[in-house]
Structure formats: C-alpha cells, structure tokens
Amino acid sequence: MKIIITYASAGAGHYKAAEAIRESLLNSCSHEDEIIICDALKLSKGYFSLSYVKIYDFLVRHASWIWGITFWLTSRRAIAAIMQAIGVYLDRYGSRSFLKFLKKEEADWIISTHFLPSRIAAWLKKHNLIRSKLITVITDYGVHPFWINQDTDFYAVATERTKKQLLHWGISDKNIVITGIPVSAKFWQHPARKDLAEKLDIHYNSFTVLLCTGSFGIGPLEKIAEKLWPDVQVLVVCASNQKLYRTLILKDYPRTKVFSFVSNMHELMSVSDMIVTKPGGMTITELLAKNIIPVFISPIPGQETENLRVFNELGIGSFASNEDDVAKIVSKYRHTPKLLTDAKNHILAIQMEINKELLLNVIRTNHI
C-alpha cells in the first residue's frame, strides 16, 4: 500500500499535522507499505509557491483585516462556489508538477492537511486521472468551504461540532470521521517536570507561563512578558520574529527565558502551567494534549476567530484583548489553585472528545 501525505507550507500547522500523521503511520503500518510526505508548494511553480506564502505572510502580519474580509466573503454560499472554481483553475495552473507527481505515484491513499493539495487531488479524481482515495484532514475547529471538494472520500475532523458544520455544507455523514487534529505523540507524553526544568535551566516549582504565537511570533509578546515576570516565570518563543528575540535578550527580564525557533515545544508546554497564544488549530490541540490552561490573544480573523468561538462554547481558555487582560487572567489562576485544577479537569474531559479514532483505522477499514 502506498500512502502520500501532503501539505502546503503556508503556516507551520499544516506541516506539523502531516508529520504527526506520518509518525503515526510509520509506527503502525507494515514494513511493506510505502509512506511519502511532500509539500505541494515545493512541487509548484516558483512564482506560485512564493506568492502563495508571501501573500499569506503579509496579510497575517500587516493586514489581517483584509484576510478576515476575504475569509468571510468566501464563506458565503453564493460566492464560495465561484471562488472554489477559480481556486481549482489557479491551483492546477500553478501546481502542474505536483499534479504530475500525484498521477505518476498512483498512491492508494492521499492524505492532505491543506485545502490546496486536496483541491488538486479531488480534481484529478473527478476526471479519473488517479484512483487514489482522498482523506482531507481539516486542521481547524471550524470549516471554510475551501476545504470541501466533491470527490473527497473522507474528511477527518476535530470534533462533533466540526462534523456538524460539514453536514451543514451537504457532506454525507458516512464521509466524515472524527479523529481529532493529529499532533505528535510527544504531546501526549507527560515527563517529569523537575527533570525537564533542569534541562531547560529554569525553576521547576515556579508558576510558569509560556508565551508563543506560532511561526510568525506576532502579537504584544514583549509587553506581556514585561507585565508577567514580576509574578511568574515566563518562557517566550519568538519564532521567526528576530526583532522581538533581540529586544527581549537585551532587556534581560528576571525570571524570563527567551527562545527563537524551537523544536521542543512539547517540553516547554510540559513545564508550563498556562500558555498565552493565538488560537491556531494545531496549537490548541497540542495544549489540550498537554493539559495547560490557555489565554488566547491576537487571533487571525477567520479561521482563528472561529476556533476561539468554538472553545468559548466549550468553556476552555480565556480571550485577552491586551497585556493588562493577560496579566489579570494569569494572576487569577496563579492565586486560585482550585480554579486551575478545575480548568485542567475540564480539559481532560474535552480530550476524550477530540481523540476518538485514528486515521489508520479509516485506511484499514476502507482499503481494497
């Protein structure tokens, strides 16, 4: 059996979900199975790939309101079908090498964690150019119609609430499976906090707050760190925001440890009591697995505001509009141990909802 896991490198979450799926399948599949992982944008025309990433990067960093309006408009039924047709045409033209790759490989299964490769694979299936079965893994807790393609065999979704949104868009119940958003097994492990604290050179018994806002490192992290350090231990992940990293290193706040890009987010979450973060689908799922209390800031209009709405309904986390709000929320949990314990117990209950089935079960059950 040959399985292609594909994503698009517009934001880190899609890649991380693809890697988590690959990790799971490698641990479970037969040695005779072939598993390939690829970035659809790297197999696309240079200008298409570059513009795809750069435009998204610019909008998220500097003009999120434009992204929000675009997201809202393309979510309307009257517009969604037109935009989907345009998107399929542009994706096919810009991603010819990826299209040829899928035809050449003739995989039994294609698992996609981004709507771009899903659209291309679905178009190939529609025109009988490939016989692969297609699983689209939706990496947010809400559903934008860009994820929906007529020839998708299965949609893997985060929760029952996500499933209901697909049903609303006319997807059959038999084509939807609740798997939770895939995260690496490292996030489901709970190593000794004291050992990790020693490794990271921090105090293991201090109330610790992790600040991270995804691969862009956007939001008022500097001001939040300044507000928090007198009362709690602070870990700041700046990611690609090198200006923020240099600024915080120079300021050298007490009880504050600053990181650039990291590959051990699972460890940083393991030594933290709370996390201040953007409500990205992957980040939310990771913090749920690690059972730490979130404070959400700076959501990207569209998919992240939808994630925020879902988790507000679930009673998980708090939204802070500025650094003062963050400090008040953290202080409330810091000085009310029962509140912290109750919130963690509530997250444990939600974990049961988001981890019902494995993609491997879908593949085994439906493999011919």
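Please refer to the structure higher up on the page.
Here the structure is a predicted model, which is why all the values come from computation and not from measurement.

Asker: So what's going on with a positive patch on the surface? Residues and values would help.
Answerer: A cluster of basic residues, K45, R96, K100 and K103, forms a positive patch on the protein surface. Of note, K45 is situated in the loop between strand 2 (34–39) and helix 2 (46–62).

Asker: Before we move on, can you summarise the packing of aromatic side chains with the specific residues and values?
Answerer: For the coordinates displayed, the defined rule picks out seven aromatic pairs. Measuring from centroid to centroid gives 6.4 Å for F98 and F101, while their planes differ by 25°, and the two rings are stacked. One end of the pair is F98 and the other is F101, both in helix 5 (residues 96–105) and three residues apart, which spans about a single turn. With a centroid separation of 5.9 Å and 85° between ring planes, the pair formed by F115 and W147 is classed as edge-to-face. Taken together, the residues span a long stretch of sequence, with F115 in helix 6 (residues 115–126) and W147 in the loop between strand 4 (133–137) and strand 5 (154–157) at a distance of 32 residues. Here F115 matches W147 in class, with each residue buried. Site record: aromatic cluster; members linked through ring pairs are F115, F146 and W147.

Asker: Which residues make up the pattern of salt bridges, and what values do they have?
Answerer: Taken as a whole, this structure holds 16 salt bridges when the rule is applied. K163 serves as the salt-bridge partner of D173, at 2.8 Å between the closest nitrogen and oxygen. Taken together, the residues span a long stretch of sequence, with D173 in the loop between helix 7 (160–168) and strand 6 (176–178) and K163 in helix 7 at a distance of 10 residues. Since its relative accessible area comes to 45%, D173 is described here as partly exposed. Given a relative accessible area of 13%, K163 falls into the buried group. Overlapping salt bridges, with partners in common, bring together K2, E34, K104 and E105 in one network.

Reading the values: the criteria
- Residues numbered from 1 in each chain as written.
- Predicted model: local features only at pLDDT ≥ 70, side-chain atom pairs only at ≥ 80, totals over all residues.
- Heavy atoms only, no water.
- Patch = residues over 30% accessible without salt bridge, like charges linked within 9 Å, V, L, I, M, F, W, Y side chains within 5 Å.
- Areas by Shrake-Rupley, 256 points an atom, 1.4 Å probe, with all protein chains shown as cover.
- Salt bridge = Lys/Arg side-chain N within 4 Å of Asp/Glu carboxyl O.
- Lys, Arg positive; Asp, Glu negative; His and termini not counted.
- Charge placed at Lys NZ, Arg CZ, Asp CG, Glu CD.
- Helix = DSSP H or I, 4+ residues; strand = E, 2+ residues; numbered from the N terminus.
- Phe/Tyr/Trp six-rings, centres within 6.5 Å; stacked < 30°, edge-to-face > 60°.
- Buried < 20%, exposed > 50% of the residue type's maximum accessible area, 1.4 Å probe, protein only.

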